[in-house]
Each structure stands twice: as structure tokens, then as C-alpha cells.
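# Observations on chain architecture
The residues making up each chain are set out below.
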Amino acid sequence: MADKPVYEEASIDGQPPKLASIPASDTTVWADASPLLQAACAGLRDGELIHGDNFNLFAAMSALEIMDPKMDSGIVCTYYSIDEAIENGAAPIPISLDSTIDVRCTIDIMDHLLACEAAWHKGHSLAQTVFSCIYLLRLDRTAPHALLHSYCRIIRATCKAVVSVVSDARTHEEEDLFTMTYGLPLNGDGDDKCLSILNAVEETISRQLRACKATSSKRRLPEDLEPLQSNSNLEEGFCKALLCRLRFRKHFFHVLSCMKRPQGRGLESARKHIASCLTELESILESADFLRSCFDESCEGDIDDKTTASGFEPIGFDAMLNSRLSAPTPPRAIKILSWKKAVEYFVKLLHDLDVICSYSLDPHLESLLRFVVQFQKSQPDLVARSHLQLLLVQDGKLYGRDPFFAVINKAAALPEATKNHDIQKNESFLQLGMLVMNLLKILCTNAAWQRRKLGKFLQDWRVIYVQLELAFRNEYGEVSSSSNDENTCMKIFQHILLWVEEQTYWIAFRFLILGFELELYSTGEYCMVYWYLYAVLIKLTEKTHLMMAVSHDTAKRKGKKKKDSSKDLARESRIPPAVLFLQCYICLAEGLTMMLAALRNEIPVFHSPSPFNTEHEKFVQHFELLQRACIPDHVSYPSYKESTTHARFSTLAMYNYFKDAQRIAKEVKSSFSNDPERAFSTLFSRLGGRWGRNVPFGWIHFSSYLK
Amino acid sequence: MEVKPEEKAEIEEPEIEYVSYGGEHHLPLIMNLVDQELSEPYSIFTYRYFVYLWPQLSFLAFHKGKCVGTVVCKMGEHRNTFRGYIAMLVVIKPYRGRGIATELVTRSIRMMMESGCEEVTLEAEVTNKGALALYGRLGFIRAKRLFHYYLNGVDAFRLKLLFPPPRQVL
């Protein structure tokens, strides 16, 4: 399925069928099966089932009930085919002979298409959303209607571009409905000219707008131009409503084109188009008042639920026509987003894309990882995340620019010179490059999927560490070599081994923290989770500290001696801010563990055993993937119990955890003055979820209340 | 006095009768309950699959002859573990909040345990606070979050209960 070409020409109906039946051909004949079915019904009693070699009860579950619209996708609801729908006037061209109504209806179609597009992005199939538009399914027949034609073309080209991006990212995760385009006419001849076609229409309407303004100020008409529609009072409003919609589509298409350019070359241009998109979306929202009030008839129902700005139902849409073309499961009626929600979705999408476009393509892996983690906090949707992933990983390189060995080289604090060393051709180093690449891809997926992948990923990182260590020992044993190149190789191994460990613990930390974000832990499990976090943080801090020490050595050896040597010494003995930051986390994790353990130990209501298993089983389940990869070593349920069994409120040390955390945080704050993300205020919220800010201070108050 | 469906039914705890699936005569009762409360369109074959192959895992709750709740389950080998699966759990609205669902599930899980299952699993909407609390109390953890699992875009948790290893026979 993955290899099937995504773009196929529509061949939905070979020939137009008779309206009421499917005709027999040369090789087929119709036979009435009713008597057979009747006899079959009489032949089996309730509860009986025919046993067949390849038909058992499990298979029977997939049975469809014919004529049940929820299960029978062949059932004809309104029209048998697109042609029949068109013949019956479901998608008239022009939409109305009254030009004013025609324009309003065109705008309704544009709005509904936007709502469909948002619904598609949010996880429904293209066939049931954007391509429920009959005009889009038979785009060529819209040619006489310039406005509709140009709009449909650009929609089609935009959808194709978006499908392409998401397909290339190849991490559809659970959203594989998104790229299903079987049988849909996504490829159009001449769609590459869609922008110029749109520009021509935009130009005409701009002139019509100028003309109607000139008329109203009683100036001479600049040219003999036909107005957009026949009601001169509404001309300005309609022109403006159309222009912002057309311009939004134009700029959005440009955003996609610019972002597609390799190595992030189009990011700055993309930002300009994003800003234009946002401006046009504002105008689109503002046009709603005019569109709702321009006709005497008011529409029924809650305006907020409507898929159009005017509130009227759009003409030319039928979601059931594609029922044979949508996802393999029986089609269920889906709810298209409201027009308001659709605009909100696009505003968010554009903001997320803007964040991506503003990124500086930092060659330091550590900064990149922080950026991706931060970006994910705003819960970007699939389209935004796919764009990020394609920016980060192109042609097997970071940003399509930096080979992954060079990236690892820098991250492992090796000198610049070693980034081209032949050792990178070694199998283990090649695999390590792949792991880093896959890590970046995984970090761009949705949080739920991401956590599952990260958990399994730990095993791969452990394995690569063991492989590298083995290769290192085989080459160099315990003896320090004399040759220069061998020294360099040894150094590469040593740095990278250390870096791999640090990275592994970072992944473990992310895995645990994501559990909070995904609400996978119930409050009764917080104690063991914070304890495990504490254990992982200890190792992460140790490795980070070692990594920084080693990087300092490298800097020294490069001869970056500062003039002021006494300052240099002071800096050497100080703990680096990044490590202090982690130590702060350690204090928080330990403090929370002890506090929660004390609560469990001293207040019976917090300790509620379940009838079928114990805390041990929960521990095993939550940390199975970490335990399997021995991250960290010597951590087990008995050691957890040992650490927490004796926790009591009376233990004074508990106060110190949080006081220590505060003290360190203050020290760290000044070091990260140019990096507000690391500020003190984010620390608590990152570790504790709803426990975060209030608990450390709250429990001191609480425990004194208990005495 | 007639009890309207919206009002809470007046019952004494011992008045609820729990019965193991007993045959075809129970099937329409189960189907009616599930069709009423859950949105998935199950064909009769789906119900038959569960109750024919694992009749001992399905239970019904009766109050004064009326069926007010049911649980439908299965068990089998899944990637080298023998695992139970809770497919459907329904208690009609007037009878909720009395532990009937907990009792139904508990009976089924006990049967799974006795049959040698190593673990039990099910999916529940992340917004279904009632179900999450019920299963949480029984020892289930939230093993995974499934993004947009349901058609309405709601995520699901995969809940899993791991039984302790069987005790050594002394």
C-alpha cells in the first residue's frame, strides 16, 4: 500500500449509466437472487451459523449488513454517480442566473471548502471533505465560471502540495487517512499555472472594486468594465469579500512553495506570505457581517455552527458520492468544522509554520532538540509537524546541509577537524547517524505516538552504545596508543560513547515527562514516577557534567586561552549552568518523591490497594521499556520501596529539597538571562503538571496543619 | 408508582442479581443494552463471536427481572501473552453509580485470572472519567495514549491490568 502511487487520474465511471440501474454488459447478466436468499433465511434458525473452512465467528464479525447505510458503502443515498448528480442540477454552472446570488453562492462554496480543508487536516479523509465538492470532482466544467474555476484549481494544487509534504515526511502515525487519495482527481493539467489564473481573476475584481468606488465618489469611470454583480449597493462588499479570500489562497500557496525550497532557503519569504495570510484571514472574518446582512432572508440555526460566513448552506457538495473512494472502513457521516473554527485552525497553523520559519537552523543538536521540544508544547497539527520534519531532515542530512556525523562530532565536543574523519564509514557510526536522524523524526510526531516510539528507541540506543564500546575495546583495548591517528580515533570513540550515554538518558527523561503531558499517570503513581525521574536525572546530570568537562578540555586544547587566567580558573571550578539546571530538577524530583511517599505512609486514605494486583505490577508496567534497556542500571521496585518506605513528614530533610531547588534556580536564572525559556518560572511547571507551582510551598503549610 | 427512566431507581444492594451468560435467550438482552448506550453499530455476529466462544466471561446484571447491565469479554493468545480483553461494558443510566459495573467487571476479571490470563486490556475514551476511575481502582494503568482513536477525534487510553505472577505452591 505504501508503494502505490498517490496520484491517480479519476476513472470513476467508465460510461454514464442509466439513471435507475446498472446495465448488463457482454459478459455479465442480471439474475434475481431473491428466492435463493428467501430459502437461505428459512434454512437456518436463530443462532445457527454455517461453518466453513475460511469462515468462522471471527470472520463473521466483518460481515456487512446490506442496505444498512452505516455499513453498506455501496448504498445509493442521493445519486448513484457524480454524473447523475450533475444531470440533476446538484452543481449548476452558473450557480444562479442572478449575478448577486451567484457571487454569494460562490463565496459560500469558498467558505465551505475552507471548512472542509480544516476538517481534512484534522484527520478526516480527503474524499469526504474537500472532494465532497462536485465542482472540484469535475473541475473542467467550471471553466466558464472564472471565479469558481480559479478557486477550485488553486484548492486542488494546494491539497496536492500538502499531501506531498505529509507523504514525504512518512510519519503518518495514526493519521493515515490523510494521504489517501485513491481515485480522486488530484492531478490537474495546467495546475502549475493556477497562480496566474488566480492573479487574473484577482486583477479583474480589484478593478471592479476601484470602479465601484469611483462611481460612488462620482468620478469618471476609468474603463468600461462590467461590475462583479448587479446590485450596486453590494458591489463594494462583495468585491472585498472575494479579494481577501482569493488573496489568502494565493499567499497560502506561496507559503507552501517557499517552505518546500531546500535547506530552508525560502523561510524568510514564507514568513512574509504567512503575515499576508493572517491579514487576509482577518479581512475574511470581518466580511461575515456584510455577508450575513446582504439578503433579507435570514438563515436558520446557530450561526456559529455554520460552515459559511453568510450562514447559508453551500451548493454543490455531496459527501456520499465518494463513498466507494474513501477509506476502506464503512463511511460514517463526519462533521465538517464550522467556518469560524476552520479560520481558527488556519490561524494556528500559520502561527506554527511561522515558528518553524523563524528558526535559525542552529547546527548545535542540543539547541535543536530544545527548539523541537518547545515547539511541540503548542500541540501543532500534522501539517505543521510534517513541515518541521522535512526542514530538519532532508537528503539524509540535517537541514539538508550538515552530515549527521558532523552534527554528532559537534555535539560530542570533538574538534572541528575530526568531522571528516574516515571513522564515520564504520558501520556503528553509520548506524548512530541513522539513530540521530530517526530521533529527530520521532520528535516531530504527535506526543502519543512519540512516547511509544521513544520507549522502544531506548533499546536501539543501548545497543549502539554496546556496539561502539565493543568496537572501541577491540581496536584499542586498554593500552594507550602512540600514533597520532590512533589517538584521534580513541578520542572520537571516547567522546561519542559519553555523548551516546547522555543522549540515551535524555530520551529516557523525555519518555517519562511525556507521560505527564499525556496524562498516563494516575495520581497514585506519581510517587514512583518522580522517583524514577530522580534516578534518570542523576545519571543524565552525571553524563552532562562529564560531557561539559570534556568539552572544556577540547576548548583548552584548541588554545582558546583567555587573557585573564584567574577568571578562567574560577570559571573552571564553577558548575556549568546546564548542570545546575539539572541539579535543580533533581532536587524537585526527590522532594516530590519524598513528600508523596510520606503522604502514602502516614495517611491511610492515600494508600488504596487494588483487588487484583499490587504497586509492583504497576511499576513493572510503567517502566518496562526502561528496565529492559537497563536505564538506569540497578534500579528496581525493591530499591524504590527501600527509598520510600521510611519517608515521614517529620523528616526535616524534606524542607531542604525545595529550598535547595530554589537556591540553585536563582543562581541559574542569571546565567540564562538571554534564554527566557530556562527561567525559574518554567521549572516547576515542567516537572509537576498540576503539582508544579503550589505543592512545594503548599505541603509545608499542609504538614504543619496536620500536627 | 412508576419509575421514570431519568430518575434514579430505588434499589437495595442485594436486589441486583448477577448471572453468567446462559445462552441464546440472553443475547437480545445484551444487544438491546449495548445498542442503546454505545454508538458503534455492531452486527449480531459481533455479539455471537464473544458470547459463543467465551460464554464464561460475559455477565448480566438483573434487577427484579429486568436486565440493567452487562459486560462482554474475550481472552486469547496475543504476542506470547495470554490476555483478556473487555469489549463492552454497559449499565443503564438509572442504575449507575452503585458499583454494578465494578461488580460485573470484577467477576469477569476473576474468571480471566482463574483461566490463566496474565493480563487484561481494554480501550477507553480519555474523557470517560467514570470508566478511568473504575478501572484505576481495580489496578489498571494507562499503558498508552492512542491519538484520535475515535472517529469524533477523541483520544483513547489503552488500559492494562497485569496480574502478579502466580504464587509458588508450598
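Analysis parameters
Residue indices begin from 1 for each chain and proceed along its sequence in written order. As a convention, the first chain written is A and the first ligand written is 1, with the rest following in written order. Local features are withheld for residues below a pLDDT of 70 in this predicted model, meaning they are given only at 70 or higher, and side-chain atom pairs are given and counted only at 80 or more; totals for whole chains, interfaces and linings count all residues. Excluded from the side-chain calculations are hydrogens and water; all other atoms, namely the structure's heavy atoms, are used. To obtain each axis, a line is fitted to C-alpha atoms, and for helices this fit is confined to the stretch in contact; angles are then taken between N-to-C directions over 0 to 180 degrees. Numbered from the N terminus, helices here are DSSP runs of H or I no shorter than four residues, and strands are runs of E no shorter than two. Roughly parallel refers to an angle under 35 degrees, roughly antiparallel to one over 145, roughly perpendicular to one between 65 and 115, and oblique to any angle outside these ranges. Contact between two residues is taken to exist if any of their heavy atoms lie within 4.5 Å; hydrogens are not considered. Gly counts as polar in this scheme, as do all residues outside two lists: the nonpolar Ala, Val, Leu, Ile, Met, Phe, Trp, Tyr, Cys and Pro, and the charged Asp, Glu, Lys and Arg. By nonpolar core is meant a set of buried Ala, Val, Leu, Ile, Met, Phe, Trp, Tyr and Cys residues that side-chain atoms within 4.5 Å join together. Type-normalised accessible area, obtained with a 1.4 Å probe on protein chains alone, sets the label of each residue: buried when under 20%, exposed when over 50%, and partly exposed for intermediate values. Throughout the structure description, domain borders are defined by an automatic or database domain assignment. Two parts placed together each lose some accessible area; with a 1.4 Å probe, that loss summed over both constitutes the buried area. Every case where a carboxyl oxygen of Asp or Glu lies within 4 Å of a side-chain nitrogen of Lys or Arg is listed as a salt bridge. Polar contact is the term for a pair of N or O atoms within 3.5 Å; when the atoms are in protein, one must be able to donate a hydrogen and the other to accept it, and sequence-neighboring residues count only if both atoms are side-chain atoms. Two strands are said to pair when DSSP picks up at least two bridges between them. For Phe, Tyr and Trp, rings pair up if their centres lie within 6.5 Å, where Trp contributes its six-membered ring, and each pair is then called stacked (planes under 30 degrees apart), edge-to-face (over 60) or tilted (otherwise). The rule is short: NZ of Lys or CZ of Arg within 6 Å of the ring centre and within 35 degrees of the ring normal puts a charge over the ring. For any pair of crossing helices, the crossing counts as left-handed if the nearer helix is rotated counterclockwise from the farther one by less than a right angle, and right-handed if it is rotated clockwise. Take the residue count of a helix, subtract one, and multiply by 1.5 Å to get its expected span. Two axes define the bend at a residue: one fitted to the seven residues ending there, one fitted to the seven starting there, and the bend is the angle between them.

### Some thoughts on the packing of helix H13 (residues 404-411) of chain A against helix H14 (residues 427-443) of chain A
All names here are of chain A. As a packed pair, H13 and H14 sit with axes 9 Å apart at the nearest point and diverge in direction by 85 degrees. In this view, H13 runs roughly perpendicular relative to H14, as classed from their interaxial angle. Along its contact with H13, which presents Phe404, Phe405 and Ile408, the element H14 presents Phe429, Leu432, Gly433, Val436, Met437 and Leu440. Here the contact of H13 with H14 is composed, by residue class, of eight nonpolar, one polar and no charged.

### Some points on the nonpolar core
Of all hydrophobic cores here, the largest spans 204 residues; its most connected members are Val130, Leu368, Trp461, Ile496 and Trp499 of chain A. For this core, the element with the highest residue contribution is helix H16 (residues 484-517) of chain A, accounting for 19 residues. In contact with leucine 368 of chain A, not counting residues within four places along its chain, are Tyr359, Leu392, Leu398, Tyr399 and Leu440 of chain A. Listed in part, the 58 residues of the second largest apolar core include Tyr18, Val71, Val105 and Leu159 of chain B.

### Focus: the domain arrangement of chain A
All names here are of chain A. Domains assigned within chain A are domain 1 (82-219 + 226-349), domain 2 (365-517) and domain 3 (521-555 + 575-685). Taken together, the contact between domain 2 and domain 3 spans 30 residues of the former and 30 residues of the latter. At the boundary of domain 2 with domain 3, total buried surface from both sides reaches about 2500 Å², with 73% on carbon and sulfur atoms. Inspection of the region where domain 2 meets domain 3 yields one salt bridge. Put simply, glutamate 501 and lysine 543 hold a salt bridge, and the shortest N to O gap is 3.1 Å. On inspection of domain 2 and its partner domain 3, the count reaches five residue pairs in polar contact (both at pLDDT 80 or more).

### Some remarks on the sheet that holds strand E7 (residues 156-162) of chain B
Within the open sheet, the seven strands sit side by side as E1-E2-E3-E4-E5-E7-E6 (chain B). Their pairing is mixed. In this open sheet, the two edge strands, each paired with only one partner strand, are strand E1 (16-20) and strand E6 (141-146) of chain B. For this sheet, the mean inter-axis angle between neighbouring strands, taken without regard to orientation, is 25 degrees. Of the pairings in the sheet, the one linking E1 of chain B to strand E2 (residues 59-63) of chain B comprises five bridges and is antiparallel in character. Residue pairing for E2 of chain B: isoleucine 16 of chain B is matched across the bridge by histidine 63 of chain B. Here helix H20 (residues 615-628) of chain A sits on the sheet and contacts E6 and E7 of chain B; the angle it forms with E7 of chain B, its principal contact strand, is near 130 degrees.

### Here's the deal with the packing of aromatic side chains
Residue and element names in this part refer to chain A. For the coordinates displayed, the defined rule picks out 34 aromatic pairs over all chains. Look at tyrosine 359 and tyrosine 399: their rings are 6.2 Å apart centre to centre, the planes differ by 55 degrees, and that puts the pair in the tilted class. Of the two residues, tyrosine 359 sits in the loop between helix H10 (339-358) and helix H11 (365-376) while tyrosine 399 sits in the loop between strand E2 (397-398) and strand E3 (402-403), which places them 40 residues apart along the sequence. Per residue, the accessibility class of tyrosine 359 equals that of tyrosine 399, and both read buried. The structure contains a cluster of three or more aromatic residues connected by ring pairs, namely Trp531, Tyr532, Phe619, Phe623, Tyr637 and Tyr640. Sitting over the face of the ring of phenylalanine 511, arginine 451 holds its NZ or CZ atom 3.9 Å from the ring centroid.

### Considerations on the pairing of E7 of chain B
The buried count for E7 of chain B comes to seven of seven residues, which makes it a mostly enclosed element. Residues Ala156, Arg158, Lys160 and Leu162 of chain B of E7 of chain B are buried on one face, and the alternating residues Phe157, Leu159 and Leu161 of chain B, pointing to the opposite face, are buried as well.

### Overview of the interface of chain A and chain B
The interface is formed by 37 residues belonging to chain A together with 36 residues belonging to chain B. Approximately 3200 Å² of surface area, both sides summed, lies buried where chain A meets chain B, with 64% of it carried by carbon and sulfur atoms. The three residues of chain A that bury the most area against chain B are Leu57, Phe612 and Gln621 of chain A, which together make up 23% of that side's buried surface. Connecting chain A to chain B are one salt bridge. Close ionic contact of glutamate 519 of chain A with arginine 145 of chain B constitutes a salt bridge, the shortest N to O distance being 3.2 Å. On the surface where chain A and chain B come into contact, there are six residue pairs in polar contact (both at pLDDT 80 or more). Mapped by element, the contributors of at least two residues to the side of chain A that touches chain B are helix H2 (57-60), helix H15 (447-476) and H20 of chain A.

### Concerning the sheet that holds strand E1 (residues 393-394) of chain A
Residue and element names in this part refer to chain A. Strands sit in the order E1-E2-E3 across an open sheet of three strands; the sheet is antiparallel. Only two strands of the sheet have a single partner each, and these edge strands are E1 and E3. Both E2 and E3 contribute to a ladder of two bridges, which runs antiparallel. Residue pairing for E3: lysine 397 is matched across the bridge by proline 403.

### Some details on the pattern of salt bridges
Close approach of charged atoms allows side chains of opposite charge to pair. All names here are of chain A. Within the structure shown, the criterion is met by 36 salt bridges over all chains. A salt bridge links glutamate 202 to lysine 250; its shortest N-O distance comes to 3.0 Å. One end of the pair, glutamate 202, is in helix H7 (residues 194-216); the other, lysine 250, is in helix H8 (residues 235-260), and 48 residues separate them in sequence. In terms of burial, glutamate 202 and lysine 250 fall into one category: buried.

### A closer look at the packing of H10 of chain A against helix H12 (residues 382-392) of chain A
Residue and element names in this part refer to chain A. Closest axis-to-axis distance for the H10/H12 pair is 9 Å, and the angle between their directions is 15 degrees. In terms of orientation, H10 and H12 fall into the roughly parallel class. The handedness of the crossing between H10 and H12 is right-handed. Of H12, the residues touching H10 (which contributes Tyr345, Leu349, Asp352, Leu353 and Ile356) are Val383, Ala384, His387, Leu388 and Leu391.

### Here's the deal with the side chain of glutamate 123 of chain B
Within the secondary structure, glutamate 123 of chain B sits in strand E5 (residues 119-125). Within the structure, glutamate 123 of chain B has its side chain in polar contact with the side chain of tyrosine 149 of chain B (distance 3.5 Å).

### Points about the environment of glycine 97 of chain B
Along the chain, glycine 97 of chain B falls in the loop between strand E4 (81-91) and helix H3 (100-114). Glycine 97 of chain B gets classed as exposed once you look at its relative accessible area, which sits at 81%.

### Let's talk about H3 of chain B
All names here are of chain B. The terminal C-alpha atoms of H3 lie 21 Å apart, and with 15 residues this matches the ideal 21 Å at 1.5 Å per residue to within 8%. Looking only at H3, the buried set comprises Ile100, Ala101, Leu104, Val105, Thr106, Ser108, Ile109 and Met112. Backbone geometry just after H3 places glycine 116 at a positive phi near 100 degrees.

### Remarks on helix H9 (residues 267-293) of chain A
Residue and element names in this part refer to chain A. With 27 residues, H9 ought to run about 39 Å at 1.5 Å a step, and its terminal C-alpha atoms sit 40 Å apart, in line with that. The largest bend along H9 measures about 30 degrees and falls at serine 287. For H9, every residue scored as buried is listed here: Leu267, Ala270, His273, Ile274, Cys277, Leu278, Glu280, Leu281, Ile284, Ser287, Ala288 and Leu291. In this structure, the buried side of H9 is in contact with helix H4 (99-121), H8, H10 and H12.

### What to know about the environment of threonine 28 of chain A
Residue and element names in this part refer to chain A. Mapped onto the elements of the fold, threonine 28 is located in the segment before helix H1 (34-43). Note on threonine 28: relative accessible area 44%, which makes it partly exposed. For threonine 28, the side chain forms a polar contact with the main-chain nitrogen of serine 25, separated by 2.9 Å.

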